[in-house]
Amino acid sequence: MSAPPDLPDIVRRAFDVSRKAGYVSFCRNETGRLLAALAATRDGVLAEFGTGCGVGTAWLRSGVQTDARILTAELNPRLAKAAAEIFEDDDSVEVFEADWSSLSSKGPFSLLFLDSGDPDSVRVDTVADLVETGGIVVLDDFTPCESWPPIYLGRVDTLREEWLTDERFTAVEVMIAHDASVLIATRR
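Residues numbered from 1 in each chain as written. Predicted model: local features only at pLDDT ≥ 70, side-chain atom pairs only at ≥ 80, totals over all residues. Heavy atoms only, no water.

Enquirer: Describe the packing of aromatic side chains, listing the residues and the values that go with them.
Expert: For the coordinates displayed, the defined rule picks out 3 aromatic pairs. Connected via pairs of aromatic rings, a cluster forms that spans F49, W100 and F109. In this structure, R187 is placed above the aromatic ring of F169, and the distance from its NZ or CZ to the ring centre is 5.6 Å. (Phe/Tyr/Trp six-rings, centres within 6.5 Å; stacked < 30°, edge-to-face > 60°. Lys NZ or Arg CZ within 6 Å of the ring centre and 35° of its normal.)

Enquirer: Which residues make up the sheet that holds strand β2 (residues 69-74), and what values do they have?
Expert: Pairing is mixed across the open sheet formed by 7 strands, whose spatial order is β3-β2-β1-β4-β5-β9-β8. What marks the edges here is a single partner per strand, and that holds for β3 (93-97) and β8 (169-177). Within this sheet the neighbouring strands show an average axis-to-axis angle of 15°, counted without direction. Taken together, the 8 bridges between β8 and strand β9 (residues 180-187) define a ladder with antiparallel strand orientation. In the sheet register, E173 faces β9, and the bridge partner there is L183. Running at roughly 165° to β3, helix α4 (residues 77-86) makes contact with β2 and β3 of the sheet. (Pairing = 2+ DSSP bridges. Helix = DSSP H or I, 4+ residues; strand = E, 2+ residues; numbered from the N terminus. Axes fitted to C-alpha atoms, helices over the stretch in contact; angles between N-to-C directions. Contact = heavy atoms within 4.5 Å.)

Enquirer: Before we move on, could you go through the nonpolar core and cite the residues and values that matter?
Expert: In globular proteins that are soluble, nonpolar side chains generally tend to be buried together. The biggest cluster of nonpolar side chains holds 38 residues, and the ones touching the most others in it are L46, W59 and L60. Excluding its chain neighbours within four sequence positions, the residues that come into contact with L60 are L35, A39, L46, E48, I70, L111 and F113. The next biggest cluster of nonpolar side chains, apart from the first, holds 26 residues, and it includes L71, L103, V131 and W163. (Core = buried A, V, L, I, M, F, W, Y, C linked by side-chain atoms within 4.5 Å. Buried < 20%, exposed > 50% of the residue type's maximum accessible area, 1.4 Å probe, protein only.)

Enquirer: Give a description of the packing of helix α1 (residues 9-21) against α4 that names residues and reports values.
Expert: Between α1 and α4, whose axes approach to 9 Å, the crossing angle comes to 150°. In this view, α1 runs roughly antiparallel relative to α4, as classed from their interaxial angle. In the crossing of α1 with α4, the sense of the turn from one axis to the other is right-handed. Along its contact with α1, which presents I10, R13, A14, V17 and A21, the element α4 presents R78, A82, E85 and I86. (Parallel < 35°, antiparallel > 145°, perpendicular 65-115°, else oblique. Left-handed = near helix turned anticlockwise from the far one by under 90°.)

Enquirer: Quick one: what's the story with helix α6 (residues 158-165), residue by residue and with numbers?
Expert: Among the residues of α6, those classed as buried are L159, R160 and W163. Buried residues of α6, viewed axially, fall in a sector of 95°; they line one side. Its buried side turned inward, α6 meets β4 (109-114), α5 (124-127), β5 (131-142), β6 (151-152), β8 and β9. (Arc of directions from axis to C-beta.)

Enquirer: Give a detailed account of the environment of S110, specifying residues and quantitative values.
Expert: Structurally, the position occupied by S110 is in strand β4. In this structure the C-alpha to C-alpha distance between S110 and D141, which are 31 residues apart in sequence, comes to 21 Å.

Enquirer: Run through a negative patch on the surface, naming residues and quoting values.
Expert: On the surface, E85, E88, D89 and D91 cluster together to form a negatively charged patch. Take E85: it is sitting in helix α4. Residue E85 is classed as partly exposed on the basis of its relative accessible area of 40%. (Patch = residues over 30% accessible without salt bridge, like charges linked within 9 Å, V, L, I, M, F, W, Y side chains within 5 Å. Areas by Shrake-Rupley, 256 points an atom, 1.4 Å probe, with all protein chains shown as cover. Salt bridge = Lys/Arg side-chain N within 4 Å of Asp/Glu carboxyl O. Lys, Arg positive; Asp, Glu negative; His and termini not counted. Charge placed at Lys NZ, Arg CZ, Asp CG, Glu CD.)

Enquirer: Which residues make up the side chain of T31, and what values go with them?
Expert: Note that T31 resides in helix α2 (residues 29-39). Assessed through its relative accessible area of 2%, T31 is described here as buried. Dropping the residues within four chain positions of it, T31 is found in contact with F113, D140, I176 and V182.

What follows is the structure, encoded as structure tokens:
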């Protein structure tokens, strides 16, 4: 995929913090560039569920063009502390050392990046009411699939299927690399 080799300063800082923390499970640059592009269209409150060390949050922050706020929740105290370090001088980003559900009262969200490793926590019924009309949900870490119903590891991928068919959203799977795709869903 074609993309400039340079990374935004905030993203570079997030990578440095992740390396120091020994954390290597973060969103890919392809996903990050997509997040930045989508964040550039948003105002209001953006959120990420599953901060890790803050790389995804940094990509969101790199794209924001308004006075939007970004809230992000990480359950692991060590990772939450590392992520908070990245944004310590940025009043528009708040890192919570908490389960993602602690952010549910702070919506509705204009963009919601679901980067949680637990499929049950990112089910459409769990988060649909947290997204404003016209709001965007991004789910990453999918392996591209060209069949219907979507199959992953020999089984129907029910998470992908429910997001792509839910009447409350208009959704699409987008390949970001030959081996990776994301779901983008817009609340009707």
